[in-house]
Each structure stands twice: as C-alpha cells, then as structure tokens.
Amino acid sequence: MSDKITLDSLKQAKQAGRKLVMLTAYDHPTARMMDEAGVDMILVGDSLSMVVLGYPDTTSVTIDEMLHHTKAARRGTKRALFIGDMPSVSFDQPLETTVEHALRFQTEAGCDAVKVEWKPNIEAVVRAIAQKGLPVMGHVGLTPQTAAQEGGFGMRGKDIDSAKRIIQQAKALEAAGCFGIVLECIPTQLAQHISQTLNIITIGIGSGVHCDAQVVVSHDLLGLFETFTPRFVKQYAQMGKTIRAAVSQYCEEVRQSTFPDAAH
Ligand code: KIV
C-alpha cells in the first residue's frame, strides 16, 4: 500500500474524485488488519459503547474506556489517518475541559484527529480544538449522541427545513475548521449537494454513493453485531456465525476427547 494518509492526501483525493474508505476499529488486531487491507481512515467510534462494551446506547461509554480502546487500535495502525471519537460525556463540561479531553486523544492515544457530533455551540468547540493544532472531523444528520432528544433514529433531512438546517450545520463546521464531515442517514441528493458544496471531504453512512468517502461500523460490516442491522448495512461476512461454529466444534471435540490429538 502507498504512503501514510495525511490531511493533504485526503484533500487531493477529493479534488481528483478518488473515493476514500473509513471503518471503525476498537482493538489492535482489527485495526492492523484494516490498515493492511488499505482502509484510508480508522475511526475508534463511540459505537464501541454498543458493539463491544454491551451498553444499550452510544452515550454510556466513558472517556477512559474510549482512550483504552483507542490506544490499542493505535498500536495496530500505521498507514491510515487515525481518528478518535469524542464521547457524549466530553461535552457536559466547560469548553476548556472539553478541549483538554480532546487533547488526551492526541497525547495519550496518538490520534491524528478527533471527531465531534453536531450539538449546540459545537462550532466553538471545533475552533478551540483546531487552534490547539488537533484536526477535527464533524458529524451531522443523524447524530446518535442526541438522537433520543431529537425524535429517535430515523433518516434526517427529508423535508426542506431540516435539509436546510443540515446544510447550514455542515457549512458552519467547515467554517469552524473541520477537515471532514460525516453525513449520517440523510437523503442521497442532500448528501450529494453538501459534498459538491463543501471543499472538505464528506464521509457518508446511510447517505448514498455521492459522498467523498464511506464509513460503516465494522461490527455491522463483518456480521459481529447481531442485535440489529441497519437497513443501509451490507454484511460482507458473517463472523458471528463463523465464531459460533468454530466454538461449537471445539466444545464437541473436547467433550469427545478428540482434541487435543497427536498433532496438537
Ligand atoms: O461511532 C461511530 O462508529 C460513528 C460512525 C458510524 C461514523 O460515529
């Protein structure tokens, strides 16, 4: 695979119309496999909360839990741009404390950037973090940290008013200094319009094919998170089934005394 991914190479890919790939990872071996497979950006998402830690939502995960997994995934990532997701609890604080939390992702866990979801006054947070020299990725549309207060987990931007609001939010995040924005669960044409309007990269999830990059939660892509599967997810593997079959066979062989055998 080619050179280390930088903010400049992401910008160049957008200008050249070259699609980019982002995936989530939460541990060392998975990040290493994804990096070796050629993913451009690795995100330690706060989806960690649900798909790995077993909490009921993404708002339960703590900063220390995020950092613990982020450090592990960092050790597996060499080429991809490495991004830490700021969990919901980072924002229940004065601005300076939120910025300190963001910087922990850089100094303690080696992140190249952090991601923040849209919420009131987020532009000030983005500006303050970016001024400290830490690049920031934004996130608009369906924002899971505040979805419960905003009517649940459906599509966003389906009517004119909410589409206009999302366009304004995306422009405000670009103006505040974001280098990229996740567009989650918005109509294809709205995502296309935003991607064509902004100079920074857009990363789509459930938002159609016209975004500059695509991201999904890796446990959805790999069939490892079986509680529910969003409609926009394509399962490229069914690792849950594979693991259950391997473990059943191991149980069987131990109980039958056919493992260990002479070769093992
Ligand atoms: O937490 C996460 O995994 C995310 C991605 C789905 C963008 O925010």
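Heads up: the structure comes first, above all this text.
Because the structure is a prediction, the values reported are computed rather than measured. Residue indices follow the written sequence of each chain, beginning from 1 at its first position. Residues qualify for local features only when their pLDDT is at least 70, as the model is predicted, and side-chain atom pairs are given and counted only at 80 or more; totals for whole chains, interfaces and linings, by contrast, use all residues. Side-chain numbers here rest on the full set of heavy atoms in the structure, without hydrogens or water.

### Some points on the pattern of salt bridges
Where we set the bar: Throughout this description, the term salt bridge denotes a Lys or Arg side-chain nitrogen within 4 Å of a carboxyl oxygen of Asp or Glu. Secondary structure elements follow DSSP: runs of H or I no shorter than four residues count as helices, runs of E no shorter than two count as strands, and numbering proceeds from the N terminus.
Inspection of every chain in the model, using the stated rule, returns nine salt bridges. Asp-112 is the partner of Lys-4 in a salt bridge, and the nearest nitrogen-oxygen pair spans 3.5 Å. Taken together, the residues span a long stretch of sequence, with Lys-4 in the segment before helix H1 (7-16) and Asp-112 in the loop between helix H5 (95-107) and strand S4 (113-115) at a distance of 108 residues. A single network of salt bridges, built from pairs that share partners, joins Lys-4, Arg-74 and Asp-112.

### Examining the nonpolar core
In plain terms, the rule: Take the buried residues of types Ala, Val, Leu, Ile, Met, Phe, Trp, Tyr and Cys, join any two whose side-chain atoms come within 4.5 Å, and each joined set is a nonpolar core. In this scheme, a residue with accessible area under 20% of its type's maximum is buried, one over 50% is exposed, and one in between is partly exposed, where area comes from a 1.4 Å probe on protein chains only. What makes two residues a contact is simply this: any of their non-hydrogen atoms within 4.5 Å.
Counting 54 residues, the largest nonpolar core has Ile-129 and Ile-194 as its most contacted members. With six residues, helix H7 (residues 160-176) is the largest single contributor of residues to this core. Sequence-distant contacts of Ile-129, that is, excluding residues within four places in its chain, are made with Met-86, Val-99, Ala-102, Val-114, Leu-134 and Val-136.

### Notes on a nonpolar patch on the surface
Definition in use: A patch consists of residues whose relative accessible area exceeds 30% and which take part in no salt bridge; residues with like charges are grouped when within 9 Å of each other, and nonpolar side chains (Val, Leu, Ile, Met, Phe, Trp, Tyr) when within 5 Å. Only the protein chains shown count as covering a residue, and every accessible area follows the Shrake-Rupley method with a 1.4 Å probe.
On the surface, Leu-224, Met-239, Ile-243 and Val-247 cluster together into a nonpolar patch covering about 300 Å² of accessible area. Considering the arrangement of structural elements, one finds Leu-224 in the loop between helix H9 (218-221) and helix H10 (239-255).

### Here's the deal with the packing of aromatic side chains
What counts is decided by this rule: Centres within 6.5 Å make a pair out of two Phe, Tyr or Trp rings, where for Trp the six-membered ring is used; the pair is then stacked when the planes are under 30 degrees apart, edge-to-face when over 60, and tilted otherwise.
Under the criterion given, the structure shown has two aromatic pairs. Ring centres of Phe-225 and Phe-228 lie 5.5 Å apart, and the angle between their planes is 85°; this geometry places the pair in the edge-to-face category. Ring geometry for Tyr-250 against Phe-259: centres 5.9 Å apart, planes inclined by 65°, an arrangement best described as edge-to-face. Using a relative accessible area of 32% as the deciding quantity, one classes Phe-259 as partly exposed.

### A closer look at the sheet that holds strand S5 (residues 136-141)
Note the threshold: The rule for pairing is simple: two strands pair if DSSP sees at least two bridges between them. Lines fitted to C-alpha atoms define the axes here, with helix axes fitted over just the stretch in contact, and angles between the N-to-C directions of these axes take values from 0 to 180 degrees.
One closed barrel accounts for eight strands, arranged S1-S2-S3-S4-S5-S6-S7-S8; its pairing is parallel. With strand direction ignored, the average angle separating the axes of adjacent strands in the sheet is 25°.

### Points about the side chain of Ser-162
Among the secondary structure elements, Ser-162 is positioned in helix H7. What Ser-162 contacts, discounting residues up to four positions off in sequence, is Arg-156 and Gly-157.

### Regarding the side chain of Thr-70
Condition: Any pair of N or O atoms that falls within 3.5 Å is considered a polar contact. Within protein, one atom must be able to donate a hydrogen and the other to accept it, and sequence-neighbouring residues count only if both atoms are side-chain atoms.
Assignment of secondary structure puts Thr-70 in helix H4 (residues 63-75). Within polar-contact distance, the side chain of Thr-70 engages the backbone oxygen of Met-66 at 2.5 Å. Leave out the neighbours within four places in its chain, and Thr-70 touches Val-44, Phe-82, Phe-105, Ala-109 and Cys-111.

### Side note on the site of the ligand
Rules: The nearness test applies per residue and asks whether one of its heavy atoms lies within 4 Å of the molecule or strand.
Around the ligand sit Thr-24, Leu-43, Gly-45, Asp-46, Ser-47, Asp-85, Lys-115, His-139, Ile-205 and Val-217, and that is every residue in its neighbourhood. For the ligand, an oxygen atom lies 3.3 Å from a polar atom in the side chain of Asp-85. One nitrogen or oxygen atom from the side chain of Lys-115 is found 3.1 Å from an oxygen atom belonging to the ligand. Protein contacts shield 95% of the accessible area of the ligand, which totals 260 Å² for the unbound molecule.

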